[in-house]
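Here's the letter readout for the chains.
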Amino acid sequence: MSAPVLGIIGGTGLTELSNLEIVRRQVARTPYGEASGALTFGRMGGIPVIFLARHGYGHTIAPHQVNYRANLWALHAEGVTRVVSIASVGGIAPELGPGTLALPNQILDYTWGRKCTFFEGPDQPVTHVDFTHPYCPHLRAALLGAAAAVGEPIVPEGVYATTQGPRLETAAEIDRLERDGATMVGMTGMPEAALARELSLSYATIAVVANHAAGRGTSSGGISLDAIRAVMQEALGRARRIVERVVVDHERS
Ligand code: HPA
């Protein structure tokens, strides 16, 4: 195993990091199957990181088909101890308009049928991990510090509801999620966060608000996928600046 290194899981629209100097790519086979794509070993500001595109490099893997176990296992097996994930979401709370960045601190899980634990099978004792606080408070603090350092506003808290997808939600479903306490909705937050916890990885997510959730704001009459693309391109640039900074801070810590 190599030295501790920061892993980055890129979501929709983030299949590469422009500021990543690529050293090599390595196909990742694990006991749980293949990861979404080759691991990209690279350097950011001279510091080693490992990048993985959650949906594959051609964005071909739908949220419910992502092999979350293989992705997390592959990063862990390469010595990754901290994982920053980047995920696009729909904004439910009024302050989460398109283009906003947010750092969720809680999760609701509405997914089903996904492989959601490493602790199953004949040789595995049943294991219940503590998940009271699903995101690592230290990594969240580091991301908040990095955002402040590069002058990028970020909403410091939020409740990320994970839906099954790949379809977007109905307006009534968004109303229900809001009643449940969700402030944003995405399709990949779980089981990724829980699997990271099972591997004792420090894990946090930068949520990039792509659109108002169904039935809200500019999405009251429907969600425009063209508008999402335009928003994401610009907003992901800001998320990248935060990631780049946290990589430097990680190296110093
Ligand atoms: N719902 C679920 N996932 C999403 C959305 C949404 O509105 N926008 C981006 N990812």
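In what follows, the structure referred to is the one given above.
> Would you explain the site of the ligand in this entry?
All residues adjacent to the ligand are Ser 88, Val 89, Gly 90, Leu 168, Glu 169, Val 185, Gly 186, Met 187 and Asn 211. At 3.3 Å, a backbone N or O of Gly 90 approaches a nitrogen atom of the ligand. Burial of the ligand by the surrounding chains reaches 93%, relative to a free accessible area of 260 Å². When residues of the shell around the ligand are traced back to their parent elements, those giving at least two are strand 7 (80-91) and strand 11 (184-186).

> Explanation requested: unusual backbone geometry in the structure shown.
Note: most residues except glycine have negative phi, and most peptide bonds are trans. In this chain, Gly 165 is followed by Pro 166 through a cis amide linkage whose omega measures -5°. Note on placement: Pro 166 falls in the loop between strand 10 (159-162) and helix 3 (171-180). A positive phi is found at His 59, a non-glycine position, where the angle reads about 50°. In this structure, His 59 sits in the loop between strand 6 (47-53) and helix 1 (68-77). Non-glycine residue Ser 200 carries a positive phi angle of around 60°. Structurally, Ser 200 can be placed in the loop between helix 4 (189-198) and strand 12 (202-212).

> So what exactly am I meant to see when it comes to the packing of helix 2 (residues 137-150) against helix 5 (residues 225-252) here?
Two numbers describe a pair of packed helices, the interaxial angle and the distance between the axes. Between helix 2 and helix 5, the shortest axis-to-axis distance is 8 Å and the interhelical angle comes to 115°. Relative to helix 5, helix 2 is oriented so that their crossing is right-handed. Facing Ala 142, Leu 143, Ala 146, Ala 147, Ala 149 and Val 150 of helix 2, the residues of helix 5 in contact are Arg 241, Ile 242, Arg 245, Val 246 and Asp 249. Of the residues contributing to the contact of helix 2 with helix 5, the split by class is eight nonpolar, no polar and three charged.

> Hey, could you run me through helix 1 in this one?
One turn of an α-helix holds 3.6 residues; hence residues three or four places apart share an orientation. Counted residue by residue, helix 1 has seven buried out of 10 residues, so it is predominantly covered. Those residues of helix 1 lying buried are Tyr 68, Arg 69, Ala 70, Asn 71, Leu 72, Ala 74 and Leu 75. Of the residues one or two after helix 1, Gly 79 is the one with positive phi, at around 95°.

> I keep staring at the nonpolar core and nothing clicks. Help me out?
Nonpolar side chains in soluble globular proteins generally cluster together in the buried interior. Within the largest apolar cluster, 36 residues are counted, with the highest numbers of intra-cluster contacts made by Leu 39, Ile 50, Leu 72, Leu 75, Val 83, Leu 96 and Met 184. Within the residue set of this core, elements represented by two or more residues are strand 1 (5-10), strand 5 (39-44), strand 6, helix 1, strand 7, helix 4 and strand 12. Of all hydrophobic cores here, the second largest spans 32 residues; its members include Ala 146, Ala 204, Ala 235 and Val 247.

> Mind showing me how you'd approach the side chain of Thr 100 here?
Residue placement: Thr 100 occurs in the loop between strand 7 and strand 8 (101-102). Reaching out from Thr 100, the side chain makes a polar contact with the backbone oxygen of Gly 97 at a distance of 2.7 Å. Beyond its immediate sequence surroundings of up to four residues, Thr 100 is in contact with Glu 95, Val 155, Ala 207, Val 208 and Val 209.

> Where do I start with the environment of Val 66 in this structure?
Here Val 66 lies in the loop between strand 6 and helix 1. C-alpha separation for the pair Val 66 and Glu 192, spaced 126 residues apart in sequence, amounts to 9.6 Å. Those residues in contact with Val 66 that lie beyond four places of it in its chain are Ser 36, Arg 54, His 55, Ile 61 and Asn 71.

Cut-offs applied
- Residues numbered from 1 in each chain as written.
- Predicted model: local features only at pLDDT ≥ 70, side-chain atom pairs only at ≥ 80, totals over all residues.
- Heavy atoms only, no water.
- Near = heavy atom within 4 Å.
- Polar contact = N/O pair within 3.5 Å; in protein donor to acceptor, adjacent residues only side chain to side chain.
- Areas by Shrake-Rupley, 256 points an atom, 1.4 Å probe, with all protein chains shown as cover.
- Helix = DSSP H or I, 4+ residues; strand = E, 2+ residues; numbered from the N terminus.
- Axes fitted to C-alpha atoms, helices over the stretch in contact; angles between N-to-C directions.
- Left-handed = near helix turned anticlockwise from the far one by under 90°.
- Contact = heavy atoms within 4.5 Å.
- Nonpolar A, V, L, I, M, F, W, Y, C, P; charged D, E, K, R; others polar.
- Buried < 20%, exposed > 50% of the residue type's maximum accessible area, 1.4 Å probe, protein only.
- Core = buried A, V, L, I, M, F, W, Y, C linked by side-chain atoms within 4.5 Å.

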